[in-house]
Amino acid sequence: MSITLQQRLLSFVSQGLKFGAVGALGFVVDFTVFNLLRTTVLDSADVHAGPIYAKVISTVLAILVNWLGNRYWTFRENRQNRTMREGTEFLAVSLVGMGIGIACLWFSHYVLGYTSVLADNISGNVVGLFLGAVFRFTLYRYWVFAPGRADAPAGAGASVVATRTGSMTVAAGLAATPER
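Overview of the structure.

Conventions we followed
Residues numbered from 1 in each chain as written. Predicted model: local features only at pLDDT ≥ 70, side-chain atom pairs only at ≥ 80, totals over all residues. Heavy atoms only, no water. Helix = DSSP H or I, 4+ residues; strand = E, 2+ residues; numbered from the N terminus. Buried < 20%, exposed > 50% of the residue type's maximum accessible area, 1.4 Å probe, protein only. Contact = heavy atoms within 4.5 Å. Areas by Shrake-Rupley, 256 points an atom, 1.4 Å probe, with all protein chains shown as cover. Expected span 1.5 Å × (residues − 1). Bend = angle between axes of the 7 residues up to and from the residue. Salt bridge = Lys/Arg side-chain N within 4 Å of Asp/Glu carboxyl O.

1. A few points about the overall build of the protein
Reasoning step 1: Looking only at helices and strands, the protein features 6 helices and 0 strands.
Reasoning step 2: Along the protein, helices (α) and strands (β) appear in the sequence α-α-α-α-α-α when read from the amino end.
Reasoning step 3: Within the protein, the proportion of its 180 residues that are buried is 41%.
Reasoning step 4: Within the protein, contacts between residues at least 6 apart in sequence are counted, and of these 73% link residues at least 24 apart.
Reasoning step 5: Accessible surface for the protein amounts to roughly 9,700 Å². Of this, 73% is attributable to carbon and sulfur atoms.

2. A word on helix H4 (residues 117-144)
Reasoning step 1: In this model, H4 (28 residues) spans only 34 Å end to end at C-alpha, well below the 40 Å of a helix rising 1.5 Å per residue.
Reasoning step 2: At leucine 129, H4 is bent by approximately 40 degrees, the largest bend along its length.

3. Thoughts on the environment of valine 127
Reasoning step 1: Within the fold, valine 127 resides in helix H4.
Reasoning step 2: By relative accessible area, which is 39% here, valine 127 ends up partly exposed.
Reasoning step 3: The sequence separation of valine 127 and glycine 101 amounts to 26 residues, and the corresponding C-alpha distance is 7.4 Å.
Reasoning step 4: In contact with valine 127, other than residues within four places in its own chain, are Cys104 and Ile122.

4. Re the pattern of salt bridges
Reasoning step 1: Under the definition given, this model contains 6 salt bridges.
Reasoning step 2: Notably, a salt bridge pairs arginine 38 with aspartate 43, separated by 3.9 Å at the nearest N-O pair.
Reasoning step 3: You can call arginine 38 buried: its relative accessible area is 3%.
Reasoning step 4: Ionic pairing is found between glutamate 77 and arginine 76, a salt bridge with its closest N-O pair at 3.5 Å.
Reasoning step 5: Overall, glutamate 77 belongs to the partly exposed group, its relative accessible area being 46%.
Reasoning step 6: Three or more residues are tied together by salt bridges with common partners; here these are Arg38, Asp43 and Asp120.

In structure tokens form, the structure reads like this:
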């Protein structure tokens, strides 16, 4: 059975909206924990790298919420049979996404000198979150929860990682991913 362009587009939009809803819940966790820590025990007046520590802790908690939501709702049709491998791949992608958000926060706070709570939130929870979300959605959809990976042999995950290390290779791999 051939899938039409319209069906592919609807599937993409549906997954995008679900990903956004799960991400919104993760954002609430991230934002709440970050600000709670940033304004109390990890205040930059008391702990020099407090904003960075607060962002790492809040993002790790949000990653857990997002994995559960994406695994059991957004990409449930493409869930892998090997939960540990899927979780490891999800974590790897999420950590790079977290690094994108932390890099934005670090650049704003330490390079540009914008050190207010508002500036930290804009750089980490707006700019960093947006850039990280685009990165994560792309790799979740086309690698971690890619159609057909649920029944992939045990060694397939390693070959995918090895062949997708460069940005040009990733782009080629994403375009070639088959749709159901």
